[in-house]
Amino acid sequence: MTYAEAYRSIARLAFPLFLGQLGNIAVGFADNIMVGHYSTEALASASFVNNFFNIAIFACVGFTFGLTPLVGAMYARGENARIGRVVRVGLRVNTIFTVVVSLVMLAIYFNLHRLGQPDHLMPLIRPYYLIVLAGMIPVAVFNVLAQWSFGRNDTALPTWIVLGCNAVNILGNYLLIYGNFGAPELGLTGAGISTLTARVLCMAVMAWFFFRSRRGRPYLEGFYRGARPGDGMTRAVISTGFPVSAQMTFETASFSGSAIMAGWIGAIPLAAFQIVVISGMFGFCIYYSIGNAMAIPVSHAAGSADSRTMRRYAWAGYHLILAVMVLVCMLFLFGGHHVMSLFSNDPAVIAAAVSLIVPMALYQFGDATQITFANALRGTSKVMPMLFIALVSYIVVGLPCTYLLAFPAGLGLYGIVLSFSVCLLLAAVLYLYFFLKATKKS
């Protein structure tokens, strides 16, 4: 297989994912622009809740990602009944996991006042927090079924569902944040209700396609029979899902911890931090769409133990991601001021956000590289090192580095964003090492 063939294969799978991620970016931008123009306090509150809740959401979504290599390998071997069984096990295990995570987040809700955020934001933070909490189960169920679709090389179906529900989300924002067309003016709470509605709708539509459409029909017999005693299906789902979940949890915890530290500085830095995070997500989402697409053919090659093909797809994906990274950095460096001006009418918030463009551009290389080889390693199903890598990179090194640069070094918000380069690059090097080790020819 040539690199040109690998590029085409990855691009074909990545394009629908890219459209979906583009839709997510549009919703993220729309949410933050509408909330930011409603008030600086609403934007700061959304920053805290969204960044804090990302820990829980990515933990649950990451747990579902372990299904992709399992389904991909089974699909390559034509094992439809086993795919149905692994989806059933995946739904059960991921629902239980999400309930446990949700209970932890509920316990934290009763201790929000201990996290050092500005007191005047609490009346906005609390109701929004509960609405986001209510969307946890729909997110998990949708992503389990999305991984079933991805593993079958059908990346378009979940993408179109997400795009349609994103349109519902944006319309709901327009109605409920500002009270347009006779709807109640609910501000940040209205944005939360719109997001929850979209997430429930995503889950319902994806479930219909699995249980009621011809796409899911070949897998229903295996689904309804369930796992066979002793077949190791539950263990396989947990052993591939938990390390990915831990990896995404630790990574997100590093960013969420950074948001908490930004809140220690004040409401304006917290609002500026949210602008930087949502702007940086533009690059992250594109990189991840390519990385996620690349993991699919890697999983198919892993099903036949073809190390050479696994490496070829991984490097081809990296080439594509680096090309996109260069364009993203150019956008930030030359047009970042215009992008960030979209999110707020407050000159102080915009000025604080614009001052962070350089460190935001700097961490793109580490982000692009770690996304590539984390997804490549996930495609091999040899994911246990991901837990160790994420723990060391994001928690042991990342959070202390963030604190040291922000406060003892006196760099404040600039130091917080600058620290992302350190943890992301460390993670990138470790993911690359373990991917090469996992695909070493015996």
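Higher on the page you've got the structure.
Quick summary incoming for the structure in this document. A quick note: this is a predicted structure, and the numbers were derived from the prediction, not measured. Position labels on residues start from 1 in each chain and follow its written sequence. Residue-level local features of this predicted model are given only where pLDDT is at least 70; pairs of side-chain atoms are given and counted only at 80 or more, and the full residue set underlies all totals for whole chains, interfaces and linings. No hydrogens and no water enter the side-chain calculation; it runs on all heavy atoms of the structure.

### Considerations on the overall build of the protein chain
At step 1: Helix and strand definitions here come from DSSP, where helices need a minimum of 4 consecutive H or I residues and strands a minimum of 2 consecutive E residues; each element is numbered from the N-terminal end. A count of helices and strands for the protein chain gives 17 helices and zero strands.
At step 2: Relative to a compact globule of 442 residues, whose C-alpha radius of gyration would be 22 Å, the protein chain shows 21 Å and is just as compact.
At step 3: Here the C-alpha coordinates of the protein chain stretch approximately 60 × 45 × 35 Å along the principal axes.
At step 4: Here the term buried applies to any residue with accessible area under 20% of the maximum for its type, exposed to any over 50%, and partly exposed to those in between, with areas from a 1.4 Å probe on protein chains only. Counting across all 442 residues of the protein chain, residues that qualify as buried make up 59%.
At step 5: Note on areas: Shrake-Rupley, 1.4 Å probe, and residue coverage restricted to the protein chains presented here. Surface accessibility of the protein chain: about 17,000 Å² in total, with carbon and sulfur atoms responsible for 69%.
At step 6: Averaging the locations of the 26 positively and 13 negatively charged side chains of the protein chain gives two centres separated by 15 Å. Atoms counted for the radius of gyration: C-alpha only. Globule rule: 2.2 Å times the number of residues to the power 0.38. Positive charges come from Lys and Arg, negative ones from Asp and Glu, while His and the chain ends are left out of the count. A charged residue contributes its charge at one atom only: NZ of Lys, CZ of Arg, CG of Asp or CD of Glu.

### Here's the deal with the packing of aromatic side chains
Aromatic rings considered in pairs are described by the distance between their centres and by the relative angle of their planes.
At step 1: Pairing of aromatic rings covers Phe, Tyr and Trp, the last counted by its six-membered ring, and requires centre-to-centre distances within 6.5 Å; plane angles under 30 degrees mean stacked, over 60 mean edge-to-face, and any other angle means tilted. Under the definition given, this model contains 25 aromatic pairs.
At step 2: Between the aromatic rings of Y403 and F407, the centroid separation amounts to 5.3 Å while the plane-to-plane angle is 45°, which identifies the pairing as tilted.
At step 3: Using a relative accessible area of 41% as the deciding quantity, one classes Y403 as partly exposed.
At step 4: Taken together, the aromatic side chains of W148, F210, F211, Y219, F223 and Y224 make up a single cluster linked through ring pairs.
At step 5: When the NZ atom of lysine or the CZ atom of arginine is within 6 Å of a ring's centre and also within 35 degrees of its normal, the charge is said to sit over that ring. Here R88 stacks its cationic end above the ring of F223, 5.8 Å away from the centre of that ring.

### Some remarks on the nonpolar core
At step 1: In this text, buried Ala, Val, Leu, Ile, Met, Phe, Trp, Tyr and Cys residues form a nonpolar core when linked through side-chain atoms within 4.5 Å. Among the nonpolar cores identified, the biggest contains 143 residues, and F53, V86, V87 and Y431 are the most heavily contacted of them.
At step 2: Per element, the largest residue contribution to this core is 19 residues, and it comes from helix α11 (residues 267-303).
At step 3: We call two residues contacting when some pair of their heavy atoms lies within 4.5 Å. When near neighbours in sequence (up to four residues on either side) are disregarded, F53 contacts M105, Y129, V132, L133 and M136.

### Things to note about the pattern of salt bridges
Two side chains bearing opposite charge may form a pair once their charged atoms approach each other closely.
At step 1: For salt bridges, the criterion is a side-chain nitrogen of Lys or Arg within 4 Å of an Asp or Glu carboxyl oxygen. In total, this model carries five salt bridges according to the counting rule given.
At step 2: In this structure, the salt-bridge partner of R77 is E79, at a minimum N-O distance of 3.2 Å.
At step 3: Residue R77 is classed as partly exposed on the basis of its relative accessible area of 43%.
At step 4: Residues R215 and D154 are paired through a salt bridge, measuring 3.1 Å at the closest nitrogen-oxygen approach. Separated by 61 residues along the polypeptide, R215 in the loop between α8 (188-212) and α9 (217-225) and D154 in the loop between α6 (136-151) and α7 (156-176) bring together distant segments of the chain.

### Digging into helix α2 (residues 40-65)
At step 1: Over its 26 residues, α2 extends 35 Å from the first C-alpha to the last, a length consistent with the 38 Å expected when each residue adds 1.5 Å.
At step 2: What we call the bend at a residue is the angle made by axes fitted to the seven residues finishing there and the seven residues starting there. The principal kink in α2, of about 35°, is found at N54.
At step 3: The buried count for α2 comes to 22 of 26 residues, which makes it a mostly enclosed element. Here, expected helix span is obtained from the residue count minus one, scaled by 1.5 Å.

### A few points about the packing of α11 against helix α15 (residues 364-380)
At step 1: For the pair α11 and α15, the least separation of the axes is 7 Å and the interaxial angle reads 25°. By the criterion of interaxial angle, the relationship of α11 to α15 is roughly parallel. Helix-helix and strand crossings are classified by hand; for α11 and α15 the assignment is right-handed. Here G283, F284, Y287, Y288, G291, N292, M294, A295, V298, S299 and A302 of α11 come into contact with α15, specifically with Q364, D367, A368, I371, T372, N375, A376, R378, G379 and T380. For helices, the fitted line uses only the C-alpha atoms of the stretch in contact; every axis is such a line through C-alpha atoms, and the angle between N-to-C directions lies from 0 to 180 degrees. Our angle categories are set so that under 35 degrees counts as roughly parallel, over 145 as roughly antiparallel, 65 to 115 as roughly perpendicular, and the remainder as oblique. In a left-handed crossing the near helix is turned counterclockwise from the far helix by less than a right angle, and in a right-handed crossing that turn is clockwise.

### A look at a nonpolar patch on the surface
At step 1: Patch criteria: residues need more than 30% relative accessible area and no salt bridge. Like-charged residues are merged within 9 Å; nonpolar side chains of Val, Leu, Ile, Met, Phe, Trp and Tyr are merged within 5 Å. A grouping of V326, L327, M330, L333, F334, V358, L362, L411 and Y414 is seen on the molecular surface, where their side chains present a nonpolar patch of about 890 Å² in accessible area.
At step 2: Mapped by element, the contributors of at least two residues to the nonpolar patch are α12 (307-340) and α14 (357-362).
At step 3: The leading source of residues in the nonpolar patch is α12, at five residues.
At step 4: Inspection of the secondary structure assignment puts V358 in helix α14.

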